[in-house]
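Observations on chain architecture
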Amino acid sequence: MTDLTRLTAAETAAAIATGEASAVDVAQAHLDRIGAVDEKVHAFLHVDTEGALDAARAVDERRAKGEKLGPLAGVPLALKDIFTTKGIPTTVGSKILEGWIPPYDATVTKRLKDAGIVILGKTNMDEFAMGSSTENSAYGPTGNPWDLTRIPGGSGGGSSAALASYQAPLAIGTDTGGSIRQPAAVTGTVGVKPTYGGVSRYGMVAFSSSLDQGGPCARTVLDAALLHEAIAGYDPLDSTSIDAPVPSVVEAARNGNVQGMRIGVVKEFGGEGYQAGVMQRFNESVELLRELGAEIVEISCPSFKLALPAYYLIAPSEASSNLARFDAMRYGLRVGDDGTKSAEEVTALTREAGFGDEVKRRIILGTYALSSGYYDAYYGSAQKVRTLISRDFEAAFGTVDVLVSPTTPTTAFPIGERADDPMAMYLADLCTIPSNLAGNAAMSIPCGLAPEDGLPVGLQIIAPAMADDRLYRVGAAVEAALTGRWGHPLLEEAPAL
Amino acid sequence: MTVTDLESYEDALSVYDPVMGLEVHVELGTKTKMFCGCSTTLGAEPNSQTCPTCLGLPGSLPVVNAIGIESAIKIGLALNCEIATWCRFARKNYFYPDMPKNFQTSQYDEPIAFNGYLDVALEDGETFRVEIERAHMEEDTGKSLHVGGATGRIHGASHSLLDYNRAGIPLIEIVTKPIEGAGSRAPEVAKAYVAELRELIKALDVSEARMEQGQMRCDVNLSLRPHGREAFGTRSETKNVNSLRSVERAARYEIMRHAAVLNSGGTIVQETRHFHEEDGSTTAGRIKDNAEDYRYFPEPDLVPIAPAREWVEELRAGLPELPRVRRDRLKTEWGISDHEMQSVLNAGAIDLITATIDEGAPADQARKWWMGELARASNETGKELADLGVSPAQVARVTALVAEGSLNDKLARQVLEGVLAGEGGPDEVVEKRGLKVVSDEGALGAAVDEAIAANAAVADKIRGGNLAAAGALIGAVMKLTRGQADAKRVRELVLEKLGVQG
Amino acid sequence: MPGITREEVAHLGRLSRLELKDEELDHFAEQLDVIIGAVARVSEVAGEDVPPTSHALPLTNVMRPDEVRPSLTAAEALSGAPAQEQQRFKVPQILGED
Ligand SMILES: [Mg+2]
Ligand SMILES: [Zn+2]
């Protein structure tokens, strides 16, 4: 009997559709896997055993009745704990929401359920998605399945680690500055940040509203595309949702091909601070693209050097406002309400006790950047940088179809290494941030292991807004060529847990 | 309780020139809230009209109510404002438990409507132009119930209870430019402005604008400067003044208070003030120092609003006749003076008179009854004219009965009295009370004969040419017929029977 | 480079309702000084005639019809409340006004 946890999502769905495997068996196999390894990995904050088995049973019943099943019906999924789930705890990795059980489902949650996808549980994350290592979770760090002493990326480290340790074939992440792509890169998995507005943010707890975007995480490009189609599309509950057809990403993933494409290499991504092994694998990928028939063009995006500073003003500013609602009045933690203290004091004590260091740091930074007297210099200027970055992208996409870069400057670093150095931590998102500021689509796929440490390296592909399908076309072509070259998917080289 | 020194109003105005700013919040009458689909119906069970969005639950998002935008544009157009071609919502950040997100979704430097004016009519019919700075869209807060304190006030309460049914109801905030040059009429201007604004909002049908229900709330900002000086003085902000009369009183009180402070060499503190209905006074609230920092920034969860010019013109074309234009038209149609029109307006009688005319009454008759007999009844009972219990159709019927000679004015008054007393419609009252002009010539002639016989001396005087004496005989006839005779006809008969030319 | 002082951090803590501890004031002042020093570079473009971007995509006029949608029940609305009374959210005494 095949190990059901080793199948791709597409294979799993096919097995369920043909009756080769039952959805309940598939769910149980993954729940068993979670039981066996998650104590070490700590990918999940909450496992919904009953809910998962019920959902799987419902799929099996529908199949038995001869109903037509969706392309991912019965496939298990790990959901980042930033999406509300009616009746299931949602903590956003924070003490301030410990024990909160939302009375409503996020649009993404609803679409997953409607697609017959089996939600196994909620995954660990940096508190309020603020971080690049998952060390900022109030519930303890997650280990990288390639080396449990190293970070799995962040903020969606729980989702990427769940995939890389075969606890789930699919996962959902959110990407504000790279939180889908960077964890994918350092765990050897696939992660996609769709075009801003492509996936509804309704029910996705906000970090930075103008940058946040939910997206698919998987072990293969095709699986990511299937999940992308399941969750994307117009939502009248999200004013920033795009009211247009979803790009045909599944078709693109099935037809990977870069023949005749013009692909840009961004000059500014590289140089100091970039690990040699990362650059080596990246350069080999560029060479591969050329071999596969793409024309490689060097592109300069001079404003990208200001992307990181702009991001660290815009995201904390919006966060300082988004997180004001956690005030101990209507839901979540309440501290110090002894009958003598005022609402004001209780709010301040609760926020002090309920938020971690990084969250407080960003709230203060954001409050500062928005203050009268500083607004123009900080928030206002950051928004101008945003315009310049969009213009750089526009100019680039006037010449090339997609851009490529390393996803991250380095491979996974050891847990604790950058914990006390926020600026060093922020560098992990150097290459991913520009796409959040401009709102376009980007993907990370594995492109090999860095020779010096044997850890996964990610290749980032960036496409214009609404051209998400190009990511999948390029990603599938590279994936096919590389797995052909390696003789197996990269993840098979990961040590057994 | 400290006693507040007040300067006399006249003395205050002899030295200072008041400058006012009025901020009016109007709750729109939309079916749903500004950013979510929750109902806005009043009187629902606490927290039963809430959803993730208006409770500010994590993950929730706002979506703009189209009628909210449309109403804001209509108000802007009616206030002669320019309508923004592109504008955004902004977040106004501050913590308060009645505000679920701890920011208010509002508009900051890009209001949907700006730069307008509203002409208001003062008591004597004079027109005063109030310049409008802006009208912008925002959302209401929840309601708190303070428990454990002596009077349900916030001070001394042990805790508070929050109901978020009102949170998120659309508000339009209308802000005037500084109102200068009103002098001693400043309080009157303030009142007339709010009254005119209320009429306008009602005419646009965007809100019922009932001040007593908090659907329309006014903040009165006021400062004084010595005559001849251009720079404004420090202002006080009197919050939530919720009736027309209170707006006038609050402005008047603050003029007298500011003058007393300034005259004694003191300085005005920039602070919010609370208005007290009981005695028309204000007391100090929160000091507005510069520590307050709302950290406004464009609301990233809502996209910009860019009203198409065609839409704006369509809305402009669809505006109803505005109250002032209508009043001018009716004034001409009814042939009355500015002052008379103002009285009609003050009495809240325009719609009633118009409806009575629509029911067939002549304009002068309709106005006469509503502004006379019925206005008196309204004053006596303290009820609004509209709530007296007599309909325009009934008033029209009374005027018809007078016109056909079935009633004289005196009888008509008694009929209305009966209607007000709940005795039924005019015809019913006439029937029950037996109120009918004696039109039977024979009966009337007999009464005249009887009166002449009983007052022979008076009759002689009349025969002798003293026509003024006829009044006494007419009075006697009216008495005999218990008032149910047409006095004009009685006079004719008296003179005829005495052989005198009238 | 503009620096950030301990007092400023304390003020920002009050504005953002965080009851910061003494050691946090020191710690954050030090770190924020470094971060702000690094991000202040954005003001290099401050003088340039560049319009600011508040929204990633150029959408406008997204509105919904004024139609009632089902609300939560009061019980659902109150389900996460730390305390409740009379079907309302119970909160400690409120000091401020307005
Ligand atoms: Mg306001
Ligand atoms: Zn609502």
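Cut-off values and rules
- Residues numbered from 1 in each chain as written.
- Chains lettered and ligands numbered in written order.
- Predicted model: local features only at pLDDT ≥ 70, side-chain atom pairs only at ≥ 80, totals over all residues.
- Heavy atoms only, no water.
- UniProt positions renumbered as here; feature names shortened; annotations may be inferred.
- Helix = DSSP H or I, 4+ residues; strand = E, 2+ residues; numbered from the N terminus.
- Rg over C-alpha atoms; globule rule 2.2 N^0.38 Å.
- Buried < 20%, exposed > 50% of the residue type's maximum accessible area, 1.4 Å probe, protein only.
- Contact = heavy atoms within 4.5 Å.
- Buried area = accessible area lost by both parts, 1.4 Å probe.
- Salt bridge = Lys/Arg side-chain N within 4 Å of Asp/Glu carboxyl O.
- Donors = N, O, S within 2.8 Å, 3.2 Å for Na, K, Ca; no water.
- Expected span 1.5 Å × (residues − 1).
- Polar contact = N/O pair within 3.5 Å; in protein donor to acceptor, adjacent residues only side chain to side chain.
- Nonpolar A, V, L, I, M, F, W, Y, C, P; charged D, E, K, R; others polar.
- Phe/Tyr/Trp six-rings, centres within 6.5 Å; stacked < 30°, edge-to-face > 60°.
- Lys NZ or Arg CZ within 6 Å of the ring centre and 35° of its normal.

- Per an unreviewed UniProt entry, chain C goes by Aspartyl/glutamyl-tRNA(Asn/Gln) amidotransferase subunit C and derives from Streptomyces fildesensis.
- Word for word, the UniProt comment on chain C under Subunit (unreviewed entry) is "Heterotrimer of A, B and C subunits."
- Database annotation for chain C, UniProt heading Sequence similarities (unreviewed entry): "Belongs to the GatC family."

1. Some details on the overall build of chain C
- Helices and strands together make up the secondary structure of chain C, namely three helices and three strands.
- What you see in chain C, going N to C, is helices and strands ordered as α-α-β-α-β-β.
- Relative to the globule expectation of 13 Å for 98 residues, the C-alpha radius of gyration of chain C, 22 Å, shows a markedly less compact shape.
- Along the first, second and third principal axes, the C-alpha set of chain C runs to 55 × 45 × 25 Å.
- Out of the 98 residues in chain C, the part that is buried amounts to 43%.
- Taking all contacts inside chain C whose residues are at least 6 apart in sequence as the whole, residues at least 24 apart take part in 30%.

2. Regarding the interface of chain A and chain C
- At the interface, 67 residues of chain A touch 56 residues of chain C.
- Interface area for chain A against chain C, summed over the two sides, is near 5100 Å², with a carbon-plus-sulfur share of 66%.
- Of all residues in chain A, Glu352, Ile364 and Lys384 of chain A bury the most surface against chain C, accounting for 13% of the area lost on that side.
- Applying the counting rule to chain A against chain C returns three salt bridges.

3. Here's the deal with the coordination of the magnesium ion (ligand 1)
Residues and elements named next belong to chain B.
- Surrounding the magnesium ion (ligand 1) are the protein donor atoms Glu138 (OE), Glu138 (OE) and Glu173 (OE), which sit 2.0 to 2.5 Å from the metal. A residue pair is termed long-range when its members are at least 10 positions apart, and Glu138 in strand β7 (residues 127-139) and Glu173 in strand β10 (residues 170-176) qualify at 35 residues.
- Judged by its relative accessible area of 4%, Glu138 falls in the buried class.

4. A look at helix α3 (residues 186-204) of chain B
- With 19 residues, α3 of chain B extends 27 Å from end C-alpha to end C-alpha; this agrees with the ideal 27 Å at 1.5 Å per step.
- Just downstream of α3 of chain B lies Asp205 of chain B, where phi reads positive at about 60 degrees.

5. A few points about the interface of chain A and chain B
- Taken together, the 38 residues of chain A in the interface contact 30 residues of chain B.
- Between chain A and chain B, the buried area comes to about 2600 Å², and carbon and sulfur atoms account for 57% of it.
- For the chain A face of the interface with chain B, the top three residues by lost area are Ser239, Arg325 and Arg330 of chain A, together amounting to 24%.
- Summed over the shared surface of chain A and chain B, the number is one salt bridge.
- Between Asp301 of chain B and Arg201 of chain A there is a salt bridge; the shortest N-O distance is 3.0 Å.
- Our count for the contact surface shared by chain A and chain B stands at 17 residue pairs in polar contact (both at pLDDT 80 or more).
- For the side of chain A that touches chain B, the secondary structure elements donating two or more residues are α10 (307-322), α11 (343-354) and α12 (357-370) of chain A.
- Here the side of chain A that touches chain B gets four residues from one element, more than from any other, and that element is α10 of chain A.
- Per-class residue counts for the side of chain A that touches chain B are 18 nonpolar, 13 polar and seven charged.

6. Section: the packing of aromatic side chains
All names here are of chain A.
- Throughout the structure, instances matching the rule amount to 21 aromatic pairs over all chains.
- Connected via pairs of aromatic rings, a cluster forms that spans Trp100, Phe128, Phe326, Tyr331 and Phe355.
- The side chain of Arg6 reaches across the aromatic face of Tyr166, ending 3.8 Å from its centre.

7. Section: unusual backbone geometry
- Ser155 of chain A follows Gly154 of chain A through a cis peptide bond whose omega is 5 degrees.
- Position of Ser155 of chain A relative to the elements: it lies in the loop between β3 (118-123) and α5 (157-164).
- Backbone geometry places Ala129 of chain A, a non-glycine residue, at a positive phi of 65 degrees.
- By the secondary structure assignment, Ala129 of chain A is in the loop between β3 and α5.
- Accessibility expressed as a relative area gives 2% for Ala129 of chain A, which makes it buried.
- Residues other than glycine seldom take positive phi values, yet Asn240 of chain B does so here, at roughly 50 degrees.
- By the element assignment, Asn240 of chain B lies in strand β12 (residues 236-241).

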